Amino acid sequence: MHTITKEQARNYFVRYHFLDRRLPKSHMDKVFSRLRTIQYDPLRVVGRNADLVLKARLEGFRPDDLERWLYQERSLIDGWDKMMNIYPMTDREMMTPISGRYARASEAHGRELLEDDFDRMAETVRQKLRDGQLLKNVHLTKEFDMGHQGKYRPFHFLDYLFHLGEAEIAEKFNTQKIYRHAKPPKMSELDEAFLDWYAYRRVEATGLIRMKRSEAWLGYYHYYQKYREPAIERLLEQGKIIPVTIEDVPGQFVMPSDKSAMLESVELPGEVRLLAPLDNFLWDRKMIEEIFDFRYRWEVYVPEKKRQWGYYVLPILQGDRLIGRLEPERVREGAFDLKQIWWEEGAKVDETAFQTELATFVDFVK
C-alpha cells in the first residue's frame, strides 16, 4: 500500500494527465495510449468538450484535427463508454460488449414501440447502407413517417446499426451525423478477461480512481459493485494496479502499477490550463475537492437563477493548484472573449502564464 500526501497526489495527477506541459500535436497517440478515452459532448461554446480536452494537452490543436482523426484518418472512433466517448480505433473490437449492450437496449426500445415493423424498417436502413447510400436522419424521416413525438426516430435506427458495427460515421456537421456502411467487428465476449481489461482501462483513463463507486466509474458494468470489486481484486493480484491512500482523504484508491515512479514529486513549470468541464481530470469531482480543495460543478443544466457560477465554466489550473474558474463568452465570428473570472481565495496568479494560455485560444476558435 502506497500512502502519499495531498501534495504528492496533486503533482502526480497533473503530470499523469499531461497538464504540466503540452505535447506536440503529432503525439496525439500518446494522449490516448495513456488516457484511453475522452468524453464527447456536442455542446459548443468555445469548443466541444473533447476539443478542449485535447487542446489542453496538445500544442496547436484545433477542432478540425479531431474531425480528421475521426472521419478521415479513422485512428479514433465515436462510441459508448463512460458516456458517449472517443477512443482509439484499435479498441473497437474489445469494446463490442459495451456497444452491443447499447444496441440491444436500442433494439428492445424499438420493438416495444414499433412491434413487428421494427425488423422491416431496420432491414430497409441496412439495405440502403449496403447499397452505398450515405444516410442521415432527414433522409429517413419522411420515408418512415416518424416525425411525430413518441415514436422510434430514424436516427435511432442509424445509431442502433452504428453500435452493432454495421454503420460508421462518414462525416459530421456540428451534431448532424452522416452514416455509411461498415464491416462489423468480431464481437468480444462479456467475460472476466473483458471485465478486467475494461476496469484497467478506466483506471488508466483517470490515473487515480477510488475503489468504491464514484462518478469516475460511470457507464456500463463497473459502476456496479458486483462487476467492479472482483475485477479490481483480480487486477491487484495480477500486479497491474496498486492500492494508494492519501493522507487526510477517506477511502482507498488504485492506480496503474507501471506509473508508480511518478508518485515521486518533481517541480512543475507552473503553466496555466483551462480545463474542459468533462475532462478526465475532473471525472471524480469529490476527489478533486478533497485533493485540490476546489469544488467544481458543471452548471449547464442548472436553472440560471440557481447557478453559483455560470453556464459554461472552465476550471483554471496553474501548476498543481486549481486557482479559479472562467466563463467564456459564446464564440461569435471567431473571437474569444471572457464573460467572468472568479479567483480562489488566496490564489497567486501568474499573470504572464494566464495571458499565455488565453492567447492559445485565438487560433483555436477561428
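Structural notes, computed from the coordinates. Residue positions within a chain follow its written sequence, with the count starting from 1. Where local features are concerned, this predicted model is filtered to residues with pLDDT of at least 70; where side-chain atom pairs are given and counted, the filter is 80 or more; whole-chain, interface and lining totals use all residues. Side-chain numbers here rest on the full set of heavy atoms in the structure, without hydrogens or water.

1. Section: the packing of aromatic side chains
And step 1. Between rings of Phe, Tyr and Trp, where Trp is taken as its six-membered ring, a pair exists when centres lie within 6.5 Å; planes separated by under 30 degrees are stacked, by over 60 edge-to-face, and by other angles tilted. Within this structure, the stated rule accounts for 21 aromatic pairs.
And step 2. Relative to Trp-69, the ring of Phe-61 has its centre 5.9 Å away and its plane inclined at 35°; by these criteria the two rings are tilted.
And step 3. Here Phe-336 and Phe-361 contribute two aromatic rings whose centre-to-centre distance is 4.6 Å and whose plane-to-plane angle is 15°, an arrangement assigned as stacked. Taken as a pair, Phe-336 in the loop between β14 (321–328) and β15 (338–343) and Phe-361 in helix α12 (residues 351–364) lie far apart in primary sequence, 25 residues in all. Both residues of the pair, Phe-336 and Phe-361, belong to the buried class.
And step 4. Through a chain of ring-to-ring contacts, the aromatic side chains of Phe-194, Trp-197, Tyr-198, Tyr-220, Tyr-221 and Tyr-227 assemble into a single cluster.
And step 5. Between Arg-34 and the ring centre of Tyr-16, over which it is positioned, the NZ or CZ distance is 5.1 Å.
And step 6. Taking NZ or CZ as reference, Lys-55 lies 4.0 Å from the ring centre of Phe-361, over its face. Counting from the N terminus, the helices are the DSSP runs of H or I reaching at least four residues and the strands are the DSSP runs of E reaching at least two. Exposure classes here rest on a 1.4 Å probe applied to the protein chains alone. A residue is buried below 20% of its type maximum, exposed above 50%, and partly exposed in between. Comment: the charge-over-ring label is applied if NZ (Lys) or CZ (Arg) is within 6 Å of the ring centre and within 35 degrees of the ring normal.

2. A word on the pattern of salt bridges
And step 1. The salt bridge definition used is simple: a Lys or Arg side-chain nitrogen within 4 Å of an Asp or Glu carboxyl oxygen. Evaluation of the coordinates by the stated rule reveals 39 salt bridges.
And step 2. For Asp-320, the salt bridge is made with Arg-10, and the minimal N-O distance between the two is 3.9 Å. With Asp-320 in the loop between β13 (314–318) and β14 and Arg-10 in helix α1 (residues 6–16), this pair connects stretches of sequence that are 310 residues apart.
And step 3. Among the ionic contacts, a cluster of salt bridges with common partners joins Arg-36, Asp-81, Asp-91, Arg-201, Arg-202 and Glu-204.

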